[in-house]
Amino acid sequence: MTDLTANNTFVIAGIVFVTIAVIGQSKLGFIEINPGCFGRLLALFIGILSLLYAVGLLNFSVANLDSLRTYLLELIQQSLSSINELLQGS
């Protein structure tokens with residue numbers, strides 16, 4: 001169960017960092033994100049490394065492609081529900 005929690009954490013962090021790198025300057029509620037050029041490159045680097053690490057954790061815990069597909073679908077559903085909870089709570 002710890003592998004799933006760690007994997008979820010790295011997937012969510014990777015998506016957040018890649019989003020910051022792609023969007024750049026944006027405003028989230030009362031927080032303004034303006035990373036600049038170096039910050040965007042750093043966010044992209046951290047995001048890609050985080051996603052690759054999550055995929056590495058996934059490869060050790062999943063045996064075949066069918067279970068990989070179902071695991072990824074469950075992971076996406078869990079991530080979407082937690083993101084919706086966070087957005088509705090604000």
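Just so we're clear, the structure is a prediction, and the values are computed from it rather than from any experiment. Residue indices follow the written sequence of each chain, beginning from 1 at its first position. Only residues with pLDDT of at least 70 are given local features in this predicted model, and only at 80 or more are side-chain atom pairs given and counted; all residues enter the totals for whole chains, interfaces and linings. With hydrogens and water stripped out, all remaining heavy atoms of the structure feed into the side-chain values.

**Details of the overall build of the chain**
Turning to step 1, where the next piece is worked out: We count a stretch as a helix when DSSP gives it H or I for four or more residues in a row; a strand needs E for two or more, and each element gets its number in order from the N terminus. Of the regular secondary structure elements, the chain holds three helices and two strands.
Turning to step 2, where the next piece is worked out: Its helices and strands in sequence order give the chain the pattern α-β-β-α-α, from N to C terminus.
Turning to step 3, where the next piece is worked out: A 1.4 Å probe rolled over the protein chains alone gives each residue an accessible area, and that area as a share of the maximum for its type sets the label: buried under 20%, exposed over 50%, partly exposed in between. Counting only residues that meet the buried cut, the chain has 19% of its 90 residues in that class.
Turning to step 4, where the next piece is worked out: The contact criterion used throughout is that any non-hydrogen atoms of two residues lie within 4.5 Å. For the chain, long-range pairs separated by at least 24 residues make up 57% of all intrachain contacts whose partners lie at least 6 apart in sequence.

**Some words on a nonpolar patch on the surface**
Turning to step 1, where the next piece is worked out: Think of a patch as exposed residues, more than 30% relative accessible area, with no salt bridge, where like charges cluster within 9 Å and nonpolar side chains (Val, Leu, Ile, Met, Phe, Trp, Tyr) cluster within 5 Å. Only the protein chains shown count as covering a residue, and every accessible area follows the Shrake-Rupley method with a 1.4 Å probe. Throughout this description, the term salt bridge denotes a Lys or Arg side-chain nitrogen within 4 Å of a carboxyl oxygen of Asp or Glu. Residues F38, L42, L44, F45, I46, I48, L49 and L52 make up a contiguous nonpolar surface patch of about 760 Å² in total accessible area.
Turning to step 2, where the next piece is worked out: Mapped onto the elements, F38 comes out in helix α2 (residues 36-61).

**Describing the packing of aromatic side chains**
Remark: the centre distance and the inter-plane angle together describe each pair of aromatic rings, the angle taken between the planes.
Turning to step 1, where the next piece is worked out: Put simply, two rings from Phe, Tyr or Trp (the six-membered ring, in Trp's case) pair if the centres are within 6.5 Å, and we call them stacked under 30 degrees between planes, edge-to-face over 60, tilted for the rest. Under the defined criterion, the tally for this structure stands at one aromatic pair.
Turning to step 2, where the next piece is worked out: Summarising the aromatic geometry, the rings of F10 and Y53 are spaced 4.6 Å apart at their centres and angled 70 degrees between planes, so their arrangement reads as edge-to-face. One end of the pair, F10, is in helix α1 (residues 2-23); the other, Y53, is in helix α2, and 43 residues separate them in sequence.
Turning to step 3, where the next piece is worked out: With relative accessibility at 46%, the residue Y53 sits in the partly exposed group.

**Things to note about the environment of E32**
Turning to step 1, where the next piece is worked out: In this structure, E32 sits in strand β2 (residues 31-33).
Turning to step 2, where the next piece is worked out: For E32, the contacting residues outside a window of four places in its chain are Q25, S26 and K27.

**What about the confidence of the model for the chain?**
Turning to step 1, where the next piece is worked out: Scored between 0 and 100, pLDDT is the confidence that the predictor attaches to each residue. Summarising the model, the chain shows a mean pLDDT of 76, and 82% of its residues fall at 70 or more.
Turning to step 2, where the next piece is worked out: Here strand β1 (residues 26-28) is the element of the chain with the lowest mean pLDDT, 69, and α2 is the one with the highest, 79.

**Section: the side chain of S50**
Turning to step 1, where the next piece is worked out: Relative to the helices and strands, S50 resides in helix α2.
Turning to step 2, where the next piece is worked out: A residue is classified by how much of its surface remains accessible, and S50, at 8% relative accessible area, is buried.
Turning to step 3, where the next piece is worked out: A polar contact of 2.6 Å, which involves the side chain of S50, links it to the backbone oxygen of F10.
Turning to step 4, where the next piece is worked out: If near-sequence neighbours (up to four positions away) are discounted, S50 is found in contact with F10, A13 and G14. Counting of polar contacts relies on pairs of N or O atoms within 3.5 Å, with two restrictions inside protein: one atom must be capable of donating a hydrogen and the other of accepting it, and residues adjacent in sequence are counted only when both atoms are side-chain atoms.

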